[in-house]
Amino acid sequence: ELKVEQNPLFLSMQEGKNYTIYCNYSTTSDRLYWYRQDPGKSLESLFVLLSNGAVKQEGRLMASLDTKARLSTLHITAAVHDLSATYFCAVSNYQLIWGAGTKLIIKP
Amino acid sequence: ETGVTQSPTHLIKTRGQQVTLRCSSQSGHNTVSWYQQALGQGPQFIFQYYREEENGRGNFPPRFSGLQFPNYSSELNVNALELDDSALYLCASSLRQGNAAQYFGPGTRLLVL
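Overview of the structure. Predicted model, so just to flag it, every value in this text is computed and none were measured.

### Quick notes on the packing of aromatic side chains
Next, step 1: Tallied over the entire structure, the rule returns 10 aromatic pairs over all chains.
Next, step 2: Each ring, one from Tyr35 of chain B and one from Phe104 of chain B, has its centre 5.6 Å from the other, and the planes form 45°; the classification is tilted. With Tyr35 of chain B in strand S4 (residues 31–37) and Phe104 of chain B in strand S10 (residues 103–104), this pair connects stretches of sequence that are 69 residues apart. Pair check on accessibility: Tyr35 of chain B and Phe104 of chain B agree, each one buried.
Next, step 3: Linked through ring pairs, Tyr33, Tyr35, Phe88 and Trp98 of chain A together with Tyr35, Phe45 and Phe104 of chain B together constitute an aromatic cluster.

Set out below in structure tokens:
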């Protein structure tokens, strides 16, 4: 059974700091997704990572994938308040299996 | 290009009732997936439809059923509602079945009293 674990589940940080969210999964998969969800809103696609060593960057967010370690990271550089949200990783195994989410609060 | 839409946005039902939620997929997408997201949790896969056929199902009882229509829009039906069915129900559409990137609608928030 494919399981996806994210950590931390909650993160409070100051603007301008860097931090990393981790996503571990239990079996092989060919695709990993990162999504953002604002309170009471739907899910917004951030990144799709397709292969080992894949790295994608958008603004202050950078995602990477290590399929051998079954690990993906979402790195936040010089955080700003607008990045406050819950971030989910999801792994494809015919269906999408989701992590529990990381609630990120960025304080001015 | 029209995105994924869902209706209604909010709904209140009582235990034992039945509910139908609707989803219009993004233009050109032929696959629709439904998810249940309880408060403070990640989405849970309910099922997926591809070209009007169920194409995979998560760990949900048979009282959760669905349909996909020729225009690729979809319905989620839940019979005999239980309190634990209270959640945000998300519909996502994609270009093809399997592992394609999914685009989510705004969701329907269901409260069962």
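Still more ground to cover, so stick around.
### Regarding the pairing of strand S9 (residues 87–94) of chain B
All names here are of chain B.
Next, step 1: Of all eight residues making up S9, eight are buried, and the element is well covered by its neighbours.
Next, step 2: Both faces of S9 are covered, namely the face carrying Ala87, Tyr89, Cys91 and Ser93 and the face carrying Leu88, Leu90, Ala92 and Ser94.
Next, step 3: As paired elements, S4 and S9 share seven bridges and run antiparallel to each other. Bridged to Gln37 within S9 is Leu88.
Next, step 4: Pairing analysis gives three bridges linking S9 to strand S11 (residues 108–112), with the strands arranged antiparallel.

### Quick look at the sheet that holds strand S3 (residues 19–24) of chain B
Residue and element names in this part refer to chain B.
Next, step 1: Within the open sheet, the four strands sit side by side as S1-S3-S8-S7. Their pairing is antiparallel. Bordering the open sheet on either side are strand S1 (5–7) and strand S7 (64–68), each of which pairs with just one other strand. Here the average twist between neighbouring strands, direction ignored, is 20°.
Next, step 2: Across five bridges, the pairing between S7 and strand S8 (residues 74–78) is antiparallel. Each bridged residue has a counterpart across the sheet, and for Leu67 the counterpart in S8 is Glu75.

Rules behind the numbers
Residues numbered from 1 in each chain as written. Chains lettered and ligands numbered in written order. Predicted model: local features only at pLDDT ≥ 70, side-chain atom pairs only at ≥ 80, totals over all residues. Heavy atoms only, no water. Phe/Tyr/Trp six-rings, centres within 6.5 Å; stacked < 30°, edge-to-face > 60°. Helix = DSSP H or I, 4+ residues; strand = E, 2+ residues; numbered from the N terminus. Buried < 20%, exposed > 50% of the residue type's maximum accessible area, 1.4 Å probe, protein only. Pairing = 2+ DSSP bridges. Axes fitted to C-alpha atoms, helices over the stretch in contact; angles between N-to-C directions.

Purely spatial values, then, with no claim about function.
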